[in-house]
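Descriptive analysis of the structure
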Amino acid sequence: MNEEQISRFEANIERLVESAFANFFGQKLRAQDIALQLARAMEDNAKPDGTGDRLLAPDHYRIRFHPHIHQHLLNQQPNLQAALGQHLIMLAMQTGYKLNNAPIIEFFPDDQVDKKHLTVNADHTDRPENSTTGMQRVLIPLQDPPSNAPLNAFLLINGERSLRLEQDIINIGRYRDNDIILDDPYVSRHHLQLRRRFGAYILFDVHSQGGTWVNNVQIKEHQLQTGDVILIGKTQLLYMIDHPLDDSHLTQTDLLDPVV
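Here's a quick rundown of the structure. Every chain is numbered independently, its residues counted from 1 as its sequence is written. The predicted nature of this model means local features are confined to residues of pLDDT at least 70 and side-chain atom pairs, given and counted, to a pLDDT of 80 or more, with totals for whole chains, interfaces and linings taken over all residues. Note: side-chain values were computed over all heavy atoms of the structure, leaving out hydrogens and water.

The next thing to look at is the overall build of the protein. A count of helical and extended segments in the protein gives four helices and 16 strands. At a minimum sequence separation of 6, the contacts of the protein that also span at least 24 residues come to 63%. The helix and strand labels rest on DSSP assignments: H or I over at least four residues marks a helix, E over at least two residues marks a strand, and numbering proceeds from the N terminus. A contact between two residues is defined here by any heavy atoms of the two lying within 4.5 Å.

Right, here's the structure in full:
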């Protein structure tokens, strides 16, 4: 992982938690400390993906803070874990690592950790893996059966904006009548459509002028899988399905006790 990638990652996290740290902790614990340790944990725990193509990044991160810092973060930044997960997705993309699932980040209080430090442990869960390599033509039946929503599917737009996907049909383009509006002059007025079928989203290019690419392959239709990178115009869309981690993956020592 080069210094430029880590610096960009640190800058994103610093903006994210600037107010919480500046108003309470001063220089005791910096946002950069979280960024650097997460990046190191990703790098140290990456493993071969089984195909020999890329390294697989861990998808479960446990961050332990001093109890006072832990409680303050929960109060000031209740969505910090989800935001850090999105930044880890972008870091994996920038460094060429593969992710089978959206990263889960958990915060824990630990009175063995002082206020100036934190510890990060990363591992790989056994959540269902979703290969991102297969490109397949999808046949749509004439009669639409009842659809089952993919679990927590979302789009990350240019690494900055996350949108949950909940509708059966989602139109994406430049015009204001789309469900997802992209402010990109290179995107067609009505560029693509997502349709939910059999618990999966299928992407259709709707005769766009500039075309649609998924994982660097131009497509007309494609069944989306977690980790797929969609490029339309100058806009990059990352499709992810966040499989929740059930309690069976946590040991008794990992369960979050109330902070007094």
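Pairing between side chains of opposite charge can happen when their charged atoms approach one another. Salt bridge, as used here, is a side-chain nitrogen of Lys or Arg placed within 4 Å of a carboxyl oxygen of Asp or Glu. Enumeration according to the criterion identifies two salt bridges in this entry. Close ionic contact of arginine 62 with aspartate 123 constitutes a salt bridge, the shortest N to O distance being 2.9 Å. Of the two residues, arginine 62 sits in strand 3 (residues 60–65) while aspartate 123 sits in strand 5 (residues 119–123), which places them 61 residues apart along the sequence. Overall, arginine 62 belongs to the buried group, its relative accessible area being 10%. In this structure, the salt-bridge partner of arginine 196 is aspartate 168, at a minimum N-O distance of 2.3 Å. With a gap of 28 residues between them, arginine 196 in strand 10 (residues 192–197) and aspartate 168 in the loop between strand 7 (161–164) and strand 8 (169–173) connect regions that are remote in the sequence. Burial here depends on accessible area, computed with a 1.4 Å probe over protein chains only, as a share of the maximum for the residue type. Under 20% is buried, over 50% is exposed, and the range in between is partly exposed. Taking relative accessible area as the criterion, aspartate 168 reaches 35% and is therefore assigned partly exposed.

As used in this record, nonpolar core signifies buried Ala, Val, Leu, Ile, Met, Phe, Trp, Tyr and Cys residues forming a set joined through side-chain atoms within 4.5 Å. If you look at the biggest cluster of nonpolar residues, it comprises 31 residues, and the most contacted ones within it are Tyr61 and Ile63. Where this core is concerned, the elements lending two or more residues are helix 2 (31–45), strand 3, helix 3 (67–76), helix 4 (80–95), strand 4 (104–109), strand 5, strand 6 (153–157) and strand 16 (235–241). The biggest single contributor to this core is helix 4, with seven residues. With residues near it in sequence (within four places) discarded, isoleucine 63 still touches Ile34, Leu38, Leu84, Ile105, Glu106, Phe107, Phe108, Leu118, Thr119 and Val120. Leu192, Leu194, Ile219 and Leu237 belong to the second-largest nonpolar core, a separate cluster that totals 21 residues.

With that out of the way, let us pick up the sheet that holds strand 15 (residues 229–232). Pairing between two strands requires that DSSP report at least two bridges joining them. In spatial order, the strands read 7-6-16-15-12-13; together these six strands make up an open sheet with antiparallel pairing. Only two strands of the sheet have a single partner each, and these edge strands are strand 7 and strand 13 (217–219). Averaged over all adjacent pairs, the angle separating strand axes in this sheet is 30°, with direction ignored. Pairing geometry for strand 12 (residues 212–214) and strand 13, over three bridges, is antiparallel. Across the sheet, tryptophan 213 pairs through a bridge with glutamine 218, a residue of strand 13. Axes, fitted as lines to C-alpha atoms, cover a helix only where it is in contact. Angles between the N-to-C directions of the axes lie from 0 to 180 degrees.

Attention shifts here to the pairing of strand 6. Counting buried residues in strand 6 gives five out of five residues, a clear majority hidden from the surface. The side-chain alternation of strand 6 yields two buried faces, one formed by Ala153, Leu155 and Ile157 and the other by Phe154 and Leu156. Bridge analysis of strand 6 against strand 16 gives five bridges, and the strand direction is antiparallel. Along strand 16, the bridge assignment pairs leucine 156 with leucine 238. Relative to strand 7, strand 6 is paired through four bridges, and the arrangement is antiparallel. Residue isoleucine 157 lies in a different strand from strand 7, and its bridge partner there is arginine 161. From the end of strand 6 to the start of strand 7, which pair antiparallel, there are three residues, and asparagine 158 there has a positive phi angle of about 50°.

With that settled, the discussion passes to the sheet that holds strand 14 (residues 221–223). Within the open sheet, the five strands sit side by side as 9-8-10-11-14. Their pairing is mixed. On the outer flanks of this sheet lie strand 9 (180–181) and strand 14, each paired with one strand and no other. Relative to strand 10, strand 8 is paired through four bridges, and the arrangement is antiparallel. Directly across from isoleucine 170, in strand 10, lies its bridge partner leucine 194.

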